[in-house]
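# Structural overview
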2 protein chains.
Amino acid sequence: MERLKDTTAITEGREEKMAKHNLFETPRFFADVYVLQPGQAQKVHTHAGEDKCYYVLEGAGVVTTGTERLAVRPGQIVMCPAGEDHGVENPGGPGNLRLLVFMAPHPRPGEVGA
Amino acid sequence: MERLKDTTAITEGREEKMAKHNLFETPRFFADVYVLQPGQAQKVHTHAGEDKCYYVLEGAGVVTTGTERLAVRPGQIVMCPAGEDHGVENPGGPGNLRLLVFMAPHPRPGEVGA
């Protein structure tokens, strides 16, 4: 596994749905970059035993965590504890929403961005 | 625990040694912001059972991971696997080096930035 990754080079979205680009993964955690085009979302969902964080690299979005819906901008980070609803959306752009995402532990090592 | 933190507001260093500002912690992981003034370092050390990542928010630094020493800049992220040497330094500034740091699992919940 290459030790250094450059998130500034990871900008590519997908027309069909948000893009997940894995940076690192071990059984203990994974780190991904998500790219959401305007109108795309990671639907609200729950992991029973894993904590997740969304850190905003670029763009504007809305993160759901538990019962809260939080507008986020670059440099902000949101905690999504195990067992609680969470998700993220790029409601209006104008540009892509790029996120650095951590989850610990890794529920399914080998499957990117579970 | 407050769910949203703004890393852009976390800029304060310490004259004595690098500053650790905790964002979130659970038994599964912690997220900190480190601020290293020019000349400061987190000495090379090892955690037997925890993986760590350093993501560069601002400034220029050098990360040690295993046998590698990697020059890093904002937007880059370095993986430091469990059981291997790692550390980070701000050798020459000119400004502070600010890092977003993740470790999983959390070796000592309640102790910031272990």
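Scroll up a little and you will see the structure.
What comes next is a walk through the structure. What you see is a predicted model, and the numbers here were worked out from it, not measured in a lab. (Residues numbered from 1 in each chain as written. Chains lettered and ligands numbered in written order. Predicted model: local features only at pLDDT ≥ 70, side-chain atom pairs only at ≥ 80, totals over all residues.)

### Side note on the overall build of chain A
What counts is decided by this rule: Only runs of H or I of at least four residues qualify as helices and only runs of E of at least two qualify as strands under DSSP, and these elements are numbered from the N terminus. As a reference, a globule follows 2.2 Å times the number of residues to the power 0.38, and the radius of gyration itself is taken over C-alpha atoms. What counts as a contact here is a pair of residues whose C-beta atoms, placed from the backbone, lie within 7 Å.
Along its length, chain A carries zero helices and 10 strands. When the helices and strands of chain A are placed in sequence order, the string is β-β-β-β-β-β-β-β-β-β. Against the globule reference of 13 Å for 114 residues, chain A gives a C-alpha radius of gyration of 13 Å, in line with a compact fold. Pairs at least 24 residues apart make up 65% of the contacts formed inside chain A by residues separated by at least 6 positions.

### A word on the sheet that holds strand 7 (residues 68-72) of chain A
Residues and elements named next belong to chain A. Stated precisely, the cut-off is as follows: Two strands are said to pair when DSSP picks up at least two bridges between them. With axes taken as lines fitted to C-alpha atoms, and helix axes fitted only over the stretch in contact, angles between N-to-C directions fall between 0 and 180 degrees.
Taking strand neighbours across the sheet as the criterion, the four strands line up as 4-9-6-7 in an open arrangement whose pairing is antiparallel. The open sheet terminates on both sides in strands that have one partner only, identified here as strand 4 (41-45) and strand 7. Averaged over neighbouring strand pairs, the angle between their axes works out to 20° when direction is ignored. In the sheet, strand 6 (residues 61-65) pairs with strand 7 via five bridges, with the strands oriented antiparallel. Along strand 7, the bridge assignment pairs valine 63 with leucine 70.

### Here we look at the sheet that holds strand 3 (residues 29-36) of chain A
On the basis of which strands lie adjacent, the open sheet formed by six strands has the order 2(A)-3(A)-10(A)-5(A)-8(A)-1(B) and antiparallel pairing. Of all strands in the sheet, those with a lone pairing partner are strand 2 (19-26) of chain A together with strand 1 (4-6) of chain B, marking the two edges. Neighbouring strand axes in the sheet, compared pairwise and without regard to direction, differ in orientation by 20° on average.

### Section: the pairing of strand 9 (residues 86-89) of chain A
All names here are of chain A. In this sheet, strand 9 lies alongside strand 4 in antiparallel orientation, the contact comprising three bridges. Bridge pairing links histidine 45 to histidine 86 in strand 9. Relative to strand 9, strand 6 runs antiparallel, the two sharing four bridges. Across the sheet, valine 63 pairs through a bridge with valine 88, a residue of strand 9.

### Regarding unusual backbone geometry
Most peptide bonds are trans, and most residues other than glycine sit at a negative phi. At the junction of glycine 93 of chain A and proline 94 of chain A, the peptide bond is cis and its omega measures out at 10° in the coordinates. You can see proline 94 of chain A is positioned in the loop between strand 9 and strand 10 (97-104). In the segment running from alanine 104 of chain B into proline 105 of chain B, the intervening peptide bond is cis, with an omega of -10°. When you line up the elements, proline 105 of chain B lands in the segment after strand 10 (97-104).

### Structural notes on the interface of chain B and chain A
Note the cut-off: Each residue gets one of three labels, nonpolar for Ala, Val, Leu, Ile, Met, Phe, Trp, Tyr, Cys and Pro, charged for Asp, Glu, Lys and Arg, and polar for the others, Gly among them.
On the chain A side, the residues contacting the 29 residues of chain B number 29 residues. Mapped by element, the contributors of at least two residues to the side of chain B that touches chain A are strand 1, strand 2 (19-25), strand 5 (51-58), strand 7 (68-72), strand 8 (76-80) and strand 10 of chain B. With four residues, strand 8 of chain B is the largest single contributor of residues to the side of chain B that touches chain A. Grouping the amino acids of the side of chain B that touches chain A by side-chain chemistry returns 17 nonpolar, six polar and six charged. In this sheet, strand 1 of chain B lies alongside strand 8 (residues 76-80) of chain A in antiparallel orientation, the contact comprising three bridges. The partner of valine 78 of chain A across the bridge, within strand 1 of chain B, is leucine 4 of chain B.

### Brief notes about the relation of the copies chain B and chain A
For clarity, the cut-off: When the copies are superposed, the least-squares fit draws on C-alpha atoms of residues that have pLDDT of at least 70 in both.
The two copies are related by a screw operation: chain B maps onto chain A through 180° of rotation and 0.0 Å of translation along the axis, at an RMSD of 0.0 Å. Taken together, the rotation angle and the small translation identify this as a two-fold axis. Relative to the rotation axis, the C-alpha of alanine 104 of chain B is the closest in chain B, positioned 3.2 Å from it. In this assembly, 100% of the residues forming the interface of chain B have copies in chain A that are likewise at the interface, indicating an isologous arrangement.

### Observations concerning the environment of aspartate 32 of chain A
Here aspartate 32 of chain A is to be found in strand 3. For the pair formed by aspartate 32 of chain A and leucine 100 of chain A, sequence separation is 68 residues and the distance between their alpha carbons is 5.9 Å.

### Re the environment of glycine 66 of chain B
Residues and elements named next belong to chain B. Heads up, the condition is: Working definition of burial: number of other C-beta atoms within 10 Å of the residue's own, with buried at 20 or more, exposed at 12 or fewer, and partly exposed in between, all C-beta atoms being placed from the backbone.
Within the secondary structure layout, glycine 66 lies in the loop between strand 6 (61-65) and strand 7. On the basis of neighbour count, glycine 66 is assigned to the partly exposed category, with 13 C-beta atoms found within 10 Å. As for glycine 66 and leucine 97, which are separated by 31 residues in sequence, their C-alpha atoms are 21 Å apart. What glycine 66 contacts, discounting residues up to four positions off in sequence, is Glu84 and Asp85.

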